[in-house]
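Residue strings, one per chain:
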Amino acid sequence: MLRKNKRLFTGFILLFFLVITPAACGKDIEDGETDVQVDTQSTPLGNTAETDRSSSEETDSEIVNTPPVINPLTGLPAADPELLERRPVMVKVSNYPREGRPHAGLSSADIVFDYFIGYGTNRFLALYYGQDAYKIGPVRSGRRVDAQLVTMYSGVLAYGSADEDTNAVLVTALGEYALSHLEADCPVFCGVDTHSATGVFANSEAISAYVGAMGWENDMPDLPGIVFSDQPPADMTPADQVTVLFNYYNRGEWRYDPVSGKYLRWIEFIENEGEENVIMDMIPLTDRLTGKQLAFSNIIILFANYNELAPSAHTIDIWDNKNGLPAYLFRDGGMAGGSWAAVNSSDPLQFTNADGGPMMLKPGSTWIVITGLSSSFNEVQPGQWETFFFLP
């Protein structure tokens with residue numbers, strides 16, 4: 001009973017204080033006004049309350065004005081800065097056979113490398129850093145050039161095994177960071193047969209978790225040298241479309257979309273292949289995870305030296321290019337020429353404009369086509385550019 005009466009007495013005193021205090025201060029409390037503001041009015045000179053409030057406002061201001069964490073590979077604020085505190089995950093994705101299309105997860109990649117692998121076909125190496133994709137693929141085998149590119153971006157290579165000689169190159173260069181689908185089960189790699197059109201898919205988040213669980217170093221890498229700007233170069237040539245052919249029936253087109261400010265991907269659709277009445281049409285290339293057409297802010301065509309070891313085995317000289325070779329940037333509906341170089345083996349590709357300054361990429365994702373030094377590159381119609389791959 002005593003405890004109950006004490007609560008009643010305390011409640012009465014509190015109610016009395018709340019009713020009397022505004023009148024005692026000679027001021028009514030307005031809607032939305034806080035207790036701190038009331039105390040400020042009743043405190044001589046308001047020193048203590050004002051100091052507390054100023055400190056609070058400064059803290060809030062500091063939080064609001066904290067600069068965002070920028071993804072060095074896209075130039076965009078990171079949606080989840082913690083994702084950048086890891087090695088990039090780089091996944092081999094098949095483009096042939098066509099039955100494996102549409103690909104999964106390419107729209108989430110920061111960078112996609114696109115290069116020739118023999119017999120008129122090409123393959124992709126998709127890099128995931130600022131975003132993840134739970135399904136990436138179809139996953140296929142590695143190539144020798146992957147050892148160079150993955151080293152330059154301090155990445156983890158996820159691939160569907162490789163022939164003995166190629167695998168030796170990858171493991172020698174990357175060590176434990178050359179991760180074959182034979183080494184990790186689902187959810188890292190789901191599926192068993194990489195020679196099936198849709199046999200194996202990878203999960204970039206699970207790959208990063210696997211690296212951590214194995215105790216391998218997986219800290220934020222240094223990825224310098226890529227420069228971004230919202231403003232396109234002043235000397236750009238109109239470029240509504242850029243077409244890449246690895247053979248007559250392996251055709252990819254990037255068509256500029258002024259609404260999104262990005263290039264949208266189209267790809268060949270073949271009917272009656274191998275027959276006299278073969279029909280080829282171009283259709284939107286979508287991501288099977290989103291159903292949306294691939295859209296990239298930058299398309300870069302760079303020229304490199306290919307050496308053919310066998311019809312399906314090549315070396316591509318990336319690290320050997322210290323002095324610069326031709327590169328062409330497509331962004332914002334225009335094209336600007338320049339060069340690319342590998343300054344050293346542990347930094348990303350460096351792009352330079354015609355004046356020797358940095359080539360300004362548009363903030364966003366980048367698709368990089370590695371074509372051969374003997375390949376053609378022409379403006380086939382006003383604003384429409386085309387490269388056709390040729391070996392030396």
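A brief structural summary.

Notes on the pairing of strand β11 (residues 262-271)
Along β11, 7 of the 10 residues are buried, which leaves the element largely enclosed by surrounding structure. Pairing of strand β10 (residues 250-257) with β11 involves 6 bridges; the strand directions are antiparallel. Within the sheet, the bridge partner assigned to Asp 257 lies in β11 and is Lys 262. Taking the residues that link successive antiparallel strands as the turn, the β10-β11 hairpin has 4 residues, and the phi of Gly 261 there is positive, at about 75 degrees. Two elements, β11 and strand β13 (residues 295-296), share 2 bridges in a ladder whose sense is antiparallel. Note on β13: the bridge partner recorded for Leu 264 is Ala 295.

Quick notes on a nonpolar patch on the surface
A cluster of nonpolar residues, Tyr 248, Tyr 249 and Met 280, forms a patch on the protein surface that exposes about 330 Å² of accessible area. Within the secondary structure layout, Tyr 248 lies in the loop between β9 (241-247) and β10.

Here we look at the nonpolar core
In globular proteins that are soluble, nonpolar side chains generally tend to be buried together. One finds Val 91, Phe 113, Phe 330, Leu 349, Trp 367 and Ile 370 to be the most contacted residues of the largest nonpolar core, which totals 88 residues. Of the residues forming this core, the biggest block, 7 residues, is contributed by strand β14 (residues 298-310).

Some thoughts on the state of the cysteines
Summed over all chains, the structure comprises 1 disulfide. Each sulfur in the disulfide pair Cys 186 and Cys 190 lies 1.9 Å from the other. Note on the Cys 186 and Cys 190 pair: the S-S dihedral is about 75 degrees, so by sign convention the disulfide is right-handed.

Structural notes on the packing of helix α4 (residues 144-152) against helix α5 (residues 164-174)
At their nearest, the axes of α4 and α5 sit 8 Å apart, and the two run at 15 degrees to each other. With respect to α5, the axis of α4 lies roughly parallel. α5 is crossed by α4, and the crossing has right-handed handedness. Packed against α4, whose contacting residues are Arg 144, Asp 146, Ala 147, Val 150 and Thr 151, the element α5 presents Asp 165, Thr 166, Val 169, Leu 170, Ala 173 and Leu 174 at the interface. When its residues are assigned to classes, the contact of α4 with α5 shows 6 nonpolar, 2 polar and 3 charged.

Focus: the packing of aromatic side chains
All chains considered together, the criterion is met by 20 aromatic pairs. Summarising the aromatic geometry, the rings of Phe 330 and Phe 377 are spaced 6.4 Å apart at their centres and angled 70 degrees between planes, so their arrangement reads as edge-to-face. In this pair, Phe 330 sits in strand β16 (residues 325-331) while Phe 377 sits in strand β20 (residues 376-381), placing the two residues 47 residues apart along the sequence. The pair Phe 330 / Phe 377 is uniform in exposure class, with both members buried. Ring geometry for Phe 377 and Trp 385: centres 5.4 Å apart, planes at 20 degrees, overall stacked. Exposure class is identical for Phe 377 and Trp 385. Each is buried. Sitting over the ring of Phe 201, Lys 135 keeps its end group 4.7 Å from the ring centre. Residue placement shows Arg 255 over the ring face of Trp 266; its charged tip is 4.0 Å from the ring centre.

Quick word on α5
Taken residue by residue, α5 has Thr 166, Leu 170 and Leu 174 as its buried positions. For α5, the angular spread of buried residues about the axis comes to 40 degrees, placing them on one side. The exposed residues of α5 that point more than 90 degrees off its buried face are Glu 164, Asp 165 and Thr 172. Against α4, β4 (156-159) and β5 (178-180) lie the buried residues of α5. Note on α5: the residue one or two positions beyond its end, Gly 175, has a positive phi of about 60 degrees.

About the thresholds
Residues numbered from 1 in each chain as written. Predicted model: local features only at pLDDT ≥ 70, side-chain atom pairs only at ≥ 80, totals over all residues. Heavy atoms only, no water. Buried < 20%, exposed > 50% of the residue type's maximum accessible area, 1.4 Å probe, protein only. Helix = DSSP H or I, 4+ residues; strand = E, 2+ residues; numbered from the N terminus. Pairing = 2+ DSSP bridges. Patch = residues over 30% accessible without salt bridge, like charges linked within 9 Å, V, L, I, M, F, W, Y side chains within 5 Å. Areas by Shrake-Rupley, 256 points an atom, 1.4 Å probe, with all protein chains shown as cover. Salt bridge = Lys/Arg side-chain N within 4 Å of Asp/Glu carboxyl O. Core = buried A, V, L, I, M, F, W, Y, C linked by side-chain atoms within 4.5 Å. Disulfide = S-S within 2.5 Å. Axes fitted to C-alpha atoms, helices over the stretch in contact; angles between N-to-C directions. Parallel < 35°, antiparallel > 145°, perpendicular 65-115°, else oblique. Left-handed = near helix turned anticlockwise from the far one by under 90°. Contact = heavy atoms within 4.5 Å. Nonpolar A, V, L, I, M, F, W, Y, C, P; charged D, E, K, R; others polar. Phe/Tyr/Trp six-rings, centres within 6.5 Å; stacked < 30°, edge-to-face > 60°. Lys NZ or Arg CZ within 6 Å of the ring centre and 35° of its normal. Arc of directions from axis to C-beta.

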